[in-house]
Amino acid sequence: MLAKLNTLSLLGIDAPLVEVEVDVSSSPLPKTMLVGLPEQAVKESIHRVERAIVNSGFIRPSDRVVINLAPAELPKQAASFDLPISLGILAGSGQFQSDRFAEYAVVGELALEGHTRPVKGALSMAMAARDAGYRGMLVPAENASEAAVVSEIEIIPISTLTEAVGFFTGMVEIDPQPSRLAELFHEFSRYENDFSDVRGQEVAKRALTIAAAGAHNLLMLGPPGSGKTMLAKRLPSILPTLSAEESIETTRIYSSLGRLRPGQPLLAQRPFRSPHHTISNAGLVGGGSPPAPGEISLAHNGVLFLDELPEFDRRTLEVMRQPLEDRTVTISRALRSTNFPANFMLVAALNPCPCGFRTDPRRTCSCNPTQIERYMARISGPLLDRIDIHIEVPAVPFQELSSSSPGTSSEEMREHVETARKRQQQRFPETSHGYNAHMSSRQLREHCSLEPMCQNILRDSCNELGLSARAHDKILRVARTIADMENADSISPVHLQEAINYRMLDRNLLA
């Protein structure tokens, strides 16, 4: 007999549809063949499937079994084919029949005793099953809450192979997993870190507020222990709450890599990623075979923090230049290309010199000008051009450290961010990701027109600092954000001068 079931594979963060065809025919010798470009993990599943069938109380066919995974040109590499292959073998050998195969997709890995194990990418698979028009999808019980985020289809939690057979025959009715989207947002959207924990650094907090308001990239320069990392870790707490669409976009990336925390099927906080400076190119932007998302995709809709920026390999940093502009990254291989989202805020930190104490009045710097030049030259000019705001984070004096009065809180800073973002939503109603940092050249001319006094200020600054055309545009975008925070319709000289002051690395650092 021939049995056909619907399942899904995982390719990057996408879940292409796969049809499992199982043909069981009489043969003098039992033999099982698996075709359809299976990778090693799928080839090994035959042994798991056979023992799971026997240990679940069913009969292993002593005939010729041919299993085809279509389309044949698509590589199949996940262990999620165990459950549909097992059901296909049982249906093909006549041990049960069902008229539900066309309505439901099936995914799941099997243990040797027949219990299901969780799979990666359950959320992407549920989204693909919904788009394909299936009524529902059978998933391992551990993945049910994650897949149920997609509320338009029925998510059937399955614990054993026997349960799956019972569901398809109609002998066991299993209630679909309820979608708890609102409840999950309420439970997981609170931040523990708050800017009120940071003593002093009010100027840096102002710059971080502007960066969050306009989705601008930011670089902090200061001696060790001045609070750069502490400030960066609290940046997500002043960003707007993730929308349902943004949350699902981000969650499916973590789901495809198996990075979701146990008991948390949905990301409700902005991600904060801080990779070590020894990271490789593929680890940062994505890669491998098949391609997998990197740190910039894991920071999608959140913050990517690069501490000790000059310590990163220069070639590794350079591969970020295109994703910073396009907010997406393309991994190309000989047979196919894969796109991953990479809409993140870049926050970087570095010391002012190799020893770190050049700008600290309490310590003596032992670095000569040549060492400082060599240290700063590790960061290319084109990369610095793509960072909108450069600020200095000085060492905090004892009086501020010992002060009992709390600093500016995340709630106060978030109010300014939300004010600016509301104006940006009105300015760019056609897109949900329309921020000042992403304005095109045409939008820049339309929304950042300057009066004569402001034009003179900007012209003098460009001539004095030798700013590039990109840095010129960055200043206008930051000035527009500062004006939005004050609910101003036009950019004033005060807004423009503050934006110019945030280009400190365009100046001579050795002066």
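Preceding this paragraph is the structure being described.
Residues numbered from 1 in each chain as written. Predicted model: local features only at pLDDT ≥ 70, side-chain atom pairs only at ≥ 80, totals over all residues. Heavy atoms only, no water.

Asks: Lay out the sheet that holds strand β10 (residues 218-221) in plain terms, naming residues and giving numbers.
Replies: Spatially, the five strands line up as an open sheet ordered β11-β14-β17-β10-β18, and their pairing is parallel. Across the chains shown, the open sheet's two edge strands, defined by having one partner strand only, are β11 (272-273) and β18 (389-392). As paired strands, β11 and strand β14 (residues 303-306) are joined by two bridges and run parallel to one another. Residue R273 lies in a different strand from β14, and its bridge partner there is L304. (Pairing = 2+ DSSP bridges. Helix = DSSP H or I, 4+ residues; strand = E, 2+ residues; numbered from the N terminus.)

Asks: Let's hear about unusual backbone geometry: which residues, and what values?
Replies: Cis geometry marks the peptide bond from A70 to P71, where omega comes out at 5°. With respect to the helices and strands, P71 occurs in the loop between β4 (64-70) and α3 (82-92). Unlike most non-glycine residues, A215 shows phi in positive territory, near 60°. Tracing the chain through its elements places A215 in the loop between α8 (202-214) and β10. According to the relative accessible area criterion, A215 is buried, its value standing at 11%. Positive phi, close to 65°, is recorded for N301, a residue that is not glycine. (Buried < 20%, exposed > 50% of the residue type's maximum accessible area, 1.4 Å probe, protein only.)

Asks: Quick rundown of the side chain of R427? Include the residues and the values.
Replies: Within the element layout of this structure, R427 appears in helix α18 (residues 410-427). Accessibility expressed as a relative area gives 15% for R427, which makes it buried.

Asks: Tell me what's going on with helix α22 (residues 493-501), and back it up with residues and numbers.
Replies: When we look at burial in α22, the residues that qualify are P493, H495, L496, E498, A499 and I500. Buried-residue contacts for α22 involve α8, α20 (452-465) and α21 (469-485). (Contact = heavy atoms within 4.5 Å.)

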